[in-house]
Amino acid sequence: MDAVERADSGHPGTAMALAPVAYVLWQRHLRYNPANPDWFGRDRFVLSAGHACILLYAVLYLTGYDLSLDDIKQFRQWGSRTPGHSEHGLTPGVEATTGPLGQGVGNAVGMALAEAHLAQLFNRPGHTVVDHCTYFLASDGDLMEGVSHEAGSLAGHLKLGRLIGVYDDNRITIDGKTDLTFSDDTAKRFESYGWHVERVADGNDLGALDAALATARRVADRPSLVIVRTHIAYGSPHKQDTPEAHGAPLGQEEVKLTKQRLGWPSLEPFYVPDDALAHWRLARERGARLEAEWSKQYDAYRQAFPELAAELERRLAGRLADSWEDGLPTFAPPPGDAQATRAASGKVLNALAPTLPELVGGSADLATSTNVVFKNGGDVAAGSWGARNIHFGVREHGMGAVLNGLALHRGVRPVGSTFLIFSDYMRPPIRLAALSDLPVIYVFSHDSIGLGEDGPTHQPIEQLAALRAIPNLVVIRPADATETVEAWRMAILSRNGPVALVLTRQKVPVIDRAKYALANGLRLGGYVLADAPRGKPGIILLASGSEVDLALGAYERLATEGIAARVVSLPSMELFARQPQEYRDAVLPPAVPARLAVEAAAPHPWYRWVGDYGMVMGIERFGASAPYQRIYQEFGLTVENVVKKTKELLKARPEM
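Now for a look at the structure at hand. (Residues numbered from 1 in each chain as written. Predicted model: local features only at pLDDT ≥ 70, side-chain atom pairs only at ≥ 80, totals over all residues. Heavy atoms only, no water.)

At 3.6 residues per turn, the α-helix brings residues three or four places apart onto the same side. Within helix α8 (residues 186-193), the full set of buried residues consists of T186, A187, R189, F190 and Y193. All buried residues of α8 lie within an arc of 165° about the axis, which places them on one face of the element. The exposed set on the far side of α8, more than 90 degrees from its buried face, consists of K188 and S192. Count one or two residues on from α8 and you reach G194, which has phi positive near 100°. (Buried < 20%, exposed > 50% of the residue type's maximum accessible area, 1.4 Å probe, protein only. Helix = DSSP H or I, 4+ residues; strand = E, 2+ residues; numbered from the N terminus. Arc of directions from axis to C-beta.)

Below, the discussion takes up the packing of aromatic side chains. For the coordinates displayed, the defined rule picks out 18 aromatic pairs. If you follow R281 out to its NZ or CZ, it ends over the ring of Y61, 5.2 Å from the centre. (Phe/Tyr/Trp six-rings, centres within 6.5 Å; stacked < 30°, edge-to-face > 60°. Lys NZ or Arg CZ within 6 Å of the ring centre and 35° of its normal.)

Another aspect to go through is helix α12 (residues 306-317). Between the first and last C-alpha of α12 there are 16 Å, a value that for twelve residues agrees with the 16 Å anticipated at 1.5 Å per step. Taken as a whole, α12 has its buried residues at A309, L312, R314, R315 and L316. The inward-facing, buried residues of α12 abut α5 (103-122) and α11 (274-304). In the stretch just after α12, G318 is the one whose phi turns positive, near 75°. (Expected span 1.5 Å × (residues − 1). Contact = heavy atoms within 4.5 Å.)

Moving on to the sheet that holds strand β7 (residues 224-229). Across the sheet, five strands lie side by side as β1-β2-β3-β7-β6; this open sheet has parallel pairing. One side of each edge strand has no neighbouring strand; the edge strands of this open sheet are β1 (44-47) and β6 (196-200). Averaged over neighbouring strand pairs, the angle between their axes works out to 15° when direction is ignored. Bridge count for strand β2 (residues 134-138) against strand β3 (residues 163-169) is five bridges, and the pairing is parallel. Counterpart to A138 in the pairing with β3 is Y167. Contacts from α8 reach β3, β6 and β7 within the one sheet, and its direction differs from that of β6 by about 160°. With respect to the sheet, helix α9 (residues 206-218) is in contact with β2, β3, β6 and β7, its orientation differing from that of β6 by roughly 175°. (Pairing = 2+ DSSP bridges. Axes fitted to C-alpha atoms, helices over the stretch in contact; angles between N-to-C directions.)

A few words on the side chain of T258. By secondary structure assignment, the location of T258 is in helix α10 (residues 252-262). When near neighbours in sequence (up to four residues on either side) are disregarded, T258 contacts M1, M16, G235, S236, P237 and L250.

On to the pairing of strand β15 (residues 539-543). Within β15, five of the five residues are buried, leaving the element largely enclosed by the surrounding structure. Burial along β15 is two-sided: the residues I539, L541 and A543 and I540 and L542 are all buried. Pairing analysis gives five bridges linking β15 to strand β16 (residues 565-569), with the strands arranged parallel. Pairing of I540 across the sheet is with R566, part of β16.

Encoded structure:
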């Protein structure tokens, strides 16, 4: 109450209602060590109801994590370690960044799947070193959001027995009581998903909470949900069970009355009784003991299975295996066969798979289209969690949240795939991966009007621009099979944020690298692929993906007419923007204002690179249903039109 009051912002009611749940969970069930928040043997706790983050901050302070009472007093302030929704990597003990409601449920499913996967791979009889539970705390809003349904259904199907959810059934949302919009029988819904369900009728009954959580932990053959009936802003004389307690301070007078009603020994803000703090801080001794016991077990495991232990430690540290790049394929130029970059991507993935066994993942029911299939990896299923192919089903949003949980857990490197158009369904978890610096790899195939006959509902137009707008997300759209190899290389090397590989359905030629520049320029985001004589172009043609072939065709035709052009392949604007100004000026000389960009997508991101005197040949309407060659022709994305626009631009260019 005091933190929200001082900030004049926040959500006090849910935290007040859940204080008994937090007490029982952290005192009697969770395995953790405040002195070492990243201890691998700990249980994971995910706060999906992020508006209640002040509860998590309070518990972290009370149990002795590196979070002070002064940090609590800075709740929601600039530069504080206690932001308005908890952020992974900022506050010790916060396992996942709390995003839009429901995301945490998916994150917890991913963590539980990672635990089950690693346990099956690394545990041995008498040596159980991967053996922790994942808990999440969800609100009514979390269970209204569709992502929780997708993730919950998948978790039940996979029978993730070490996943335990707590549902805060306080029956209040911002607009009023939940019966305005929500009449689900949550217990029956989760039972139909294959979950075990426990019910606690009174959220203040510590014994009932303890028993329900203990039972849930004993259920090993399916996930569990503990439904707890609580009262928002419990103890507040005038705001208990009201929407007003959800997202606003109670007010100084109501805080005073609530403290008096609860028998709190002081009206002083942020007062914590010494004996209460001493009781909570016993968690330090308990945590140190739990970690010491686990470490002793792990030392015995390392001695008995040194190679397994070394591999587990490599994975947890995120270190790449030696010679991981040695098996990467090469692709021959014409007269070799043209191929879709999605097909080349599948070959690269399976070349990486033997040396990088931490790679796991799959698709939202599109594996044969995206080619994200580990050919010798087996299918993840109930009881077969150690396999590598995860069938997420038609659940793009849930897949995105689960991928984040896999990455947060560590020990695996998740890959998820679908059509680029369906990235819209998973934008919230992609954004959270970028915000949380998670090394998730997305494979988006069917990247443009080039997918053809499926028509405008499936042809991406604005999706590239939308993904490029997300800070800390690297988007790579390779031009051919050779650039696809380099794109995967960059994705594997990227450790501080997600990477999206955007790939074609249609075949594209393999660029002759003996004639044009090597594809390793991709690591810089953009590079000079073909240059004018003496490196003095009159115009620069820029493109990504399949349109690079159009730019090269125009370049060759312009050369026969004595027009000096430069072709720049720009597969990743984000990587290019990170390069020094000197490099960018060398690729795009300021003295050459005539620039023409070509991409079968919304043109907006290109204006940064073409400048005030440049032109973008993009698409600002929806696509059409027809063979892709006809669509490209109708939309003017042809070599002939690139040549025509080049000449028009040169004619109109200013004198420099």
